[in-house]
Amino acid sequence: DPLPTPALRAPAPAISFEFFPPKTETLEAQLWACIRRLEPLAPRFVSITYGAGGSTQERTHATVTRLVRETTLVPAAHLTCVGASRGEVDDVARRYWDAGVRHIVALRGDPPGGTAYAPHPEGYAYAADLVAGLRRVADFEISVAAYPETHTQAPSPQADLDNLKRKLDAGATRAISQVFFETGHFLDFLDRALAAGITAPIIPGIMPVSNFGQAKRISEMAGTHVPAWMGEMFDGLDDDAETRKMVAASIAAEQVRTLQANGIDEFHFYTLNRADLTYAIARILGVKPAR
Ligand code: FAD
């Protein structure tokens, strides 16, 4: 059967966007142009990442607080516990609460440089511990990470699902998925999560990809399978940005429409601080600027 036409269905799905904190003034301008373009789509929240090992603590804070001051958007600050004591992490969280931030994306994080993870001696060992700690700091809304293709360090898929359940039981209210390209993997994961007793929403993380090399690098780190058909579609297009963008839009559109046809009504976009593809996919989903 042809996929239903989401743009004619009401209500439109809920959406959210992820941005990363900019390193330079040029990237800052690019981020804010992206934010201004996407703001009228009225996302449920926008999240700002926290660099590996907490390396962007100040830049994340600056971006999140500027969102509070200058936009109508609801920010969610990513926060990791790797390489920090519980007291340090709690202080960062308290600073967010005092600045008016009410939503945290709580993560374990990874040590810089690809070294093996070891908990800080006085730290929160895993994201589930961080969630419990944040609940003690203030009444935050908390989101956590989910891995449709299993986290790379999990002993088994079932152990990883049990971990997700622990994070939700500790006080998180939603999970956001790692990027995936095989839509079936995500739908199977939802079935397994339900069988494991997880009833909180698991929001698919959608990454519209027009730079295939970059997508492959991100996926390798994330443990995400990059299908051969995707490589074929981008093969030979390195010098043809315009066609790559059209291919990217078509791949992401098919992905979100398939998810929507399977009952998914909320989507999180990894924007990579660029608005155009995300804006187009949101339109295809039936999301429009409020008049
Ligand atoms: P956890 O949920 O703690 O799980 C980590 C691993 O440990 C899993 O394999 C789990 O199964 C295992 N585990 C959990 N508890 C135990 C236990 N008690 N004993 C043994 N094993 C256990 N990284 C950043 O640095 N900054 C970001 O802003 C950021 N944002 C992200 C946003 C999303 C939506 C996602 C999906 C990931 C993000 N990451 C970010 C990456 C994330 O930090 C890494 O994937 C990290 O390796 C795991 O974090 P987690 O919160 O999922 O960890």
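Treat the numbers as computed from the prediction; the structure is a model and nothing was measured.

Each value, and the rule that gives it
Residues numbered from 1 in each chain as written. Predicted model: local features only at pLDDT ≥ 70, side-chain atom pairs only at ≥ 80, totals over all residues. Near = placed C-beta within 6 Å. Helix = DSSP H or I, 4+ residues; strand = E, 2+ residues; numbered from the N terminus. Nonpolar A, V, L, I, M, F, W, Y, C, P; charged D, E, K, R; others polar. Contact = placed C-beta atoms within 7 Å. Expected span 1.5 Å × (residues − 1). Core = buried A, V, L, I, M, F, W, Y, C linked by C-beta atoms within 7 Å. Buried ≥ 20, exposed ≤ 12 C-beta atoms within 10 Å, placed from the backbone.

**Q** Describe the site of the ligand, naming the residues involved and giving the relevant values.
**A** The immediate surroundings of the ligand are formed by 23 residues, with Thr-49, His-78, Arg-108, Ala-127 and Ala-145 found nearest. For the shell around the ligand, the elements supplying multiple residues, two or more each, are β3 (75–80), β4 (103–107), α5 (157–169) and β6 (174–179). For the shell around the ligand, the leading source of residues is α5, giving four residues. Of the residues belonging to the shell around the ligand, the class tally is 10 nonpolar, nine polar and four charged.

**Q** I'd like to hear about the environment of Gly-54, residue by residue, with values.
**A** Mapped onto the elements, Gly-54 comes out in the loop between β2 (45–48) and α2 (57–70). Linking Gly-54 and Cys-81, residues 27 residues apart in sequence, is a C-alpha distance of 7.9 Å. Residue contacts for Gly-54: discarding those within four places in its chain leaves Thr-80, Val-82, Gly-83, Ala-84 and Gly-109.

**Q** Can you tell me about α5, naming the residues and giving the values?
**A** Between the first and last C-alpha of α5 there are 18 Å, a value that for 13 residues agrees with the 18 Å anticipated at 1.5 Å per step. Buried-residue contacts for α5 involve α4 (127–137), β5 (141–146), β6 and α6 (183–195). After α5 finishes, the residue Gly-171 shows a positive phi value of roughly 130°.

**Q** Can you explain the nonpolar core? Please cite residues and give values.
**A** Ile-104, Ala-106, Val-131 and Ala-175 are the most contacted members of the largest nonpolar core, which has 80 residues in total. Ignoring anything within four residues of it in the chain, the contact list for Val-131 reads Ala-106, Ile-142, Val-144, Lys-167, Ala-170, Gly-171 and Ala-172.

**Q** How would you explain the environment of Gln-153 if you had to name every residue and give the values?
**A** With respect to the helices and strands, Gln-153 occurs in the loop between β5 and α5. Owing to 11 C-beta atoms within 10 Å, Gln-153 belongs among the exposed residues under this scheme. Gln-153 sits 74 residues away from Pro-227 along the chain, and the two C-alpha atoms are 22 Å apart.

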